[in-house]
Amino acid sequence: MTAVTALSPATAVLVTAVMLSGGAYLVAVTDRLLFHAVAGQRLRLIDAMAAPVRAVTWAVRHQPVTTEAPDRILQVWAPAAYAGLAAMALSTVPLAPGVAVADVRTGIVVFGAAEALAIVAIFLPGWAPNSVLALVAGSRFVGVALSYELLSMFVLIAAALPAESLSIGAIVTSQQPLWNVLRQPLGLPLFLVVTAGVTFTGPLGVVDAPDLAGGGAAEHSGIPRLAWSAARAAM
């Protein structure tokens with residue numbers, strides 16, 4: 001097995017923060033472009049790139065509106081936990097041959113645990129506002145997410161078996177003769193379904209669904225809404 005050099009704590013935190021922030025920005029830009037493309041509307045790339053900046057400015061200037069007797073501690077912890085789980089999963093992925101944020105020999109287990117714990121983090125915004133529709137949205141996601149986790153288990157185990165290791169670095173190295181996307185062609189599509197489910201995106205967006213008047217996001221505004229949207233994009 002190739003030796004892995006873990007980054008220093010300060011460097012690891014900085015690299016993880018930069019990658020999550022950059023990834024969240026790219027997700028926001030891509031989401032805006034896809035939204036207009038599906039709607040049949042033309043959007044200039046410069047406008048799509050400026051949209052996240054305008055959204056941040058609007059959220060900072062917008063006064064948060066809360067419900068009666070919300071759980072403010074959970075409202076703060078929800079986006080922090082969601083973003084923290086994204087950082088935990090990212091830390092197990094090698095950045096380059098022999099270089100990783102953290103040398104985790106059971107990285108695939110940590111990655112799967114981050115996906116599983118995301119269910120709790122996503123349920124918290126449904127519970128915290130003390131709102132019926134938000135609670136229904138959170139409960140509905142928990143029920144649906146169990147099926148996503150079953151798919152995730154199959155995908156992660158199938159990736160680890162050829163490598164005979166739980167280290168993501170070893171899994172990457174084992175694909176030198178043949179990529180897993182060719183060895184296990186169903187793995188990537190199933191993983192993309194899991195990704196859409198854990199981030200409640202597109203047709204799997206059961207949390208912020210319009211049939212619940214926005215569901216989990218119905219009671220979010222201002223900086224709390226910005227924090228949750230950023231954590232979701234980071235994941």
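Residues numbered from 1 in each chain as written. Predicted model: local features only at pLDDT ≥ 70, side-chain atom pairs only at ≥ 80, totals over all residues. Heavy atoms only, no water.

A. Fine view of the nonpolar core. In this structure, Tyr82, Ile122, Phe141, Phe200, Val207 and Trp228 are the most contacted members of the largest nonpolar core, which totals 18 residues. Mapped onto this core, the elements with two or more residues apiece are helix 3 (72-91), helix 4 (107-127), helix 5 (132-163), helix 8 (187-198) and helix 9 (222-234). Setting aside its immediate chain neighbours within four residues, Ile122 contacts Tyr82, Phe141, Val198, Phe200, Val207 and Trp228. Within the second largest apolar cluster, 10 residues are counted, among which are Ile108, Ala163, Ile168 and Ile171. (Core = buried A, V, L, I, M, F, W, Y, C linked by side-chain atoms within 4.5 Å. Buried < 20%, exposed > 50% of the residue type's maximum accessible area, 1.4 Å probe, protein only. Helix = DSSP H or I, 4+ residues; strand = E, 2+ residues; numbered from the N terminus. Contact = heavy atoms within 4.5 Å.)

B. Region of the structure containing helix 5. Compared with the 46 Å implied by 1.5 Å per residue over 32 residues, the 47 Å span of helix 5 between its first and last C-alpha is a close match. A maximum bend of about 30° is found in helix 5 at Val144. (Expected span 1.5 Å × (residues − 1). Bend = angle between axes of the 7 residues up to and from the residue.)

C. Region of the structure containing the side chain of Thr199. Following the sequence through the fold, Thr199 ends up in the loop between helix 8 and helix 9. Accessibility expressed as a relative area gives 9% for Thr199, which makes it buried. What Thr199 contacts, discounting residues up to four positions off in sequence, is Tyr82, Arg232 and Met235.

D. Fine view of helix 2 (residues 45-61). In this model helix 2 runs 25 Å from its N-terminal to its C-terminal C-alpha over 17 residues, within 8% of the 24 Å that 1.5 Å per residue would give. Of all bends in helix 2, the biggest is about 30°, found at Ala51, and the proline Pro52 comes one to four residues later. Considered for burial, the residues of helix 2 that qualify are Ala48, Ala51, Pro52 and Ala59.

E. Unusual backbone geometry, seen in detail. Backbone geometry places Asn130, a non-glycine residue, at a positive phi of 60°. Mapping Asn130 onto the fold places it in the loop between helix 4 and helix 5. A positive phi angle, near 55°, is found at Glu164, a position not held by glycine. Within the element layout of this structure, Glu164 appears in the loop between helix 5 and helix 6 (168-173).

F. Spotlight on the environment of Pro9. Along the chain, Pro9 turns up in helix 1 (residues 9-38). Pro9 sits in the exposed class, given a relative accessible area of 67%.

G. Expanded view of the environment of Glu68. Secondary-structure assignment places Glu68 in the loop between helix 2 and helix 3. The class of Glu68 is exposed, set by a relative accessible area of 69%. Separated by 63 residues in the primary sequence, Glu68 and Ser131 have C-alpha atoms spaced 8.7 Å apart.

H. Here's a closer look at a nonpolar patch on the surface. A contiguous nonpolar surface patch, about 610 Å² in accessible area, is contributed by Leu178, Trp179, Val181, Leu182, Leu188 and Leu192. Contributions of two or more residues to the nonpolar patch are made by helix 7 (180-183) and helix 8. Relative to the helices and strands, Leu188 is located in helix 8. Note on Leu188: relative accessible area 44%, which makes it partly exposed. (Patch = residues over 30% accessible without salt bridge, like charges linked within 9 Å, V, L, I, M, F, W, Y side chains within 5 Å. Areas by Shrake-Rupley, 256 points an atom, 1.4 Å probe, with all protein chains shown as cover. Salt bridge = Lys/Arg side-chain N within 4 Å of Asp/Glu carboxyl O.)

I. Region of the structure containing the packing of aromatic side chains. Within this structure, the stated rule accounts for five aromatic pairs. Judged by centre distance (6.4 Å) and plane angle (35°), the ring pair of Phe123 and Trp127 falls under tilted. With Phe123 and Trp127 both in helix 4 and four residues apart, the pair spans about one turn of that helix. Taking 6.3 Å as the distance between ring centres and 10° as the angle between the ring planes, the aromatic pair formed by Phe200 and Trp228 counts as stacked. Taken together, the residues span a long stretch of sequence, with Phe200 in the loop between helix 8 and helix 9 and Trp228 in helix 9 at a distance of 28 residues. An aromatic cluster is built from Tyr82, Phe141, Phe200 and Trp228, whose rings are joined through pairwise contacts. (Phe/Tyr/Trp six-rings, centres within 6.5 Å; stacked < 30°, edge-to-face > 60°.)

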